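Each chain is listed here by its residues.
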Amino acid sequence: MPNMGVAIVRQYERGVVFRLGRLRGVRRPGFHFMIPFSDRMWKVSLRTVTMPVPSQQVITQDNVSIGVAAVAYFRRVDAVKAIVEIENVAQAVGQIAQTTVRNIVGRSLLDQVLTDTQTLNLAIREILDNITQQWGVQVFLVELKDIELPTSMQRAMARQAEAEREKRAKIIAAEGEALSAGRLAEAADVIADHPIALQLRNLQILAEIAAEKNSTIVFPAQLLDSAKAVTRFVEDQGRGPVDRDTAVPRIDPPSGPRAVDSPPGREDPPEIDAGN
């Protein structure tokens, strides 16, 4: 139809017209008339193109060989440059995307490639966009979609992750023990000031045991009272003899003669001369 002087440009296209080999302009969507056999139209699609970047082996900065695959999204924004400046836009973008991905990943550490992919994606996109602007192409998104690690590196990373989780578990358990010890110390102080609290705790333990539906429960409820009674008995024995009537400790009289009043109705024994 262009050779017959009639051309139709779709909404997502732009028509670049050449007359006898010279650029004559760009035709917008719609119905257009051209000079037969002298005008020739090349249609350029302005839709977004999804281009996969094949996986390639890349050696990172810390000397680890990995396989990296990506995907790039671009579209033609200048129909004239996309026709005049370059022969095959898709092939050119694919080749420069592979080279840029290899260069950016090769200058990065393995940990950065695995954890900071967003920064790498932005760096690759900026480089591609600066290069493809002269071709009338805009690259607006690049994503690293697949990273293949060696088997030995996968095992090493698995061991590292396991050790990290064990460390966190031990730290959390230690913090829990520290908090528990502090709470137990506070509870012990409260029970020491209020002995009835211990009995309430015993009743609570009985309720918890009874929930297990046990048939027989042996609980030494008087053990603490017996221990206190034994302690008081030992303390009383350590104080010395005690008069049963007055319950007051008896003090022995000092040695030497001392006049003692005789009770009524009792006579003193006669003195005996040691010489006789």
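Right above here is the structure, for reference.
Residues numbered from 1 in each chain as written. Predicted model: local features only at pLDDT ≥ 70, side-chain atom pairs only at ≥ 80, totals over all residues. Heavy atoms only, no water.

(A) How the structure looks around the side chain of Thr132. Tracing the sequence through the fold places Thr132 in helix H4 (residues 117–132). A polar atom in the side chain of Thr132 sits 2.8 Å from the backbone oxygen of Leu128. Excluding its chain neighbours within four sequence positions, the residues that come into contact with Thr132 are Val93, Val137 and Val139. (Helix = DSSP H or I, 4+ residues; strand = E, 2+ residues; numbered from the N terminus. Polar contact = N/O pair within 3.5 Å; in protein donor to acceptor, adjacent residues only side chain to side chain. Contact = heavy atoms within 4.5 Å.)

(B) Here's a closer look at the sheet that holds strand S5 (residues 39–45). One open sheet accounts for 3 strands, arranged S3-S2-S5; its pairing is antiparallel. The strands lining the two open edges of the sheet, one partner per strand, are strand S3 (22–27) and S5. Between one strand axis and the next, the sheet turns by 25 degrees as a mean value, whatever way the strands run. The pairing of strand S2 (residues 13–19) with S5 spans 7 bridges and is classified as antiparallel. Counterpart to Val17 in the pairing with S5 is Met41. (Pairing = 2+ DSSP bridges. Axes fitted to C-alpha atoms, helices over the stretch in contact; angles between N-to-C directions.)

(C) Representation of the side chain of His32. In this fold, His32 is placed in strand S4 (residues 30–33). Taking relative accessible area as the criterion, His32 reaches 17% and is therefore assigned buried. In terms of polar contacts, His32 uses its side chain to reach the backbone carbonyl oxygen of Arg28, at 2.5 Å. Once you skip the residues sitting within four places of it in the chain, His32 turns out to touch Gly5, Val6, Ala7, Val9 and Arg27. (Buried < 20%, exposed > 50% of the residue type's maximum accessible area, 1.4 Å probe, protein only.)

(D) Just the sheet that holds strand S7 (residues 65–76), in detail. With respect to topology, 3 strands assemble into an open sheet ordered S6-S7-S8, the strand pairing being antiparallel. Each edge of the sheet is formed by a strand with only one pairing partner; in this case those strands are strand S6 (49–59) and strand S8 (137–148). Each strand axis lies, on average, 25 degrees off the axis of its neighbour in the sheet, ignoring direction. By the bridge criterion, 9 bridges tie S6 to S7 in an arrangement that is antiparallel. For Pro52, the partnering residue across the bridge sits in S7 and is Val71. Across the sheet, helix H2 (residues 89–106) lies against S6, S7 and S8, angled at about 35 degrees from S6, the strand it touches most.

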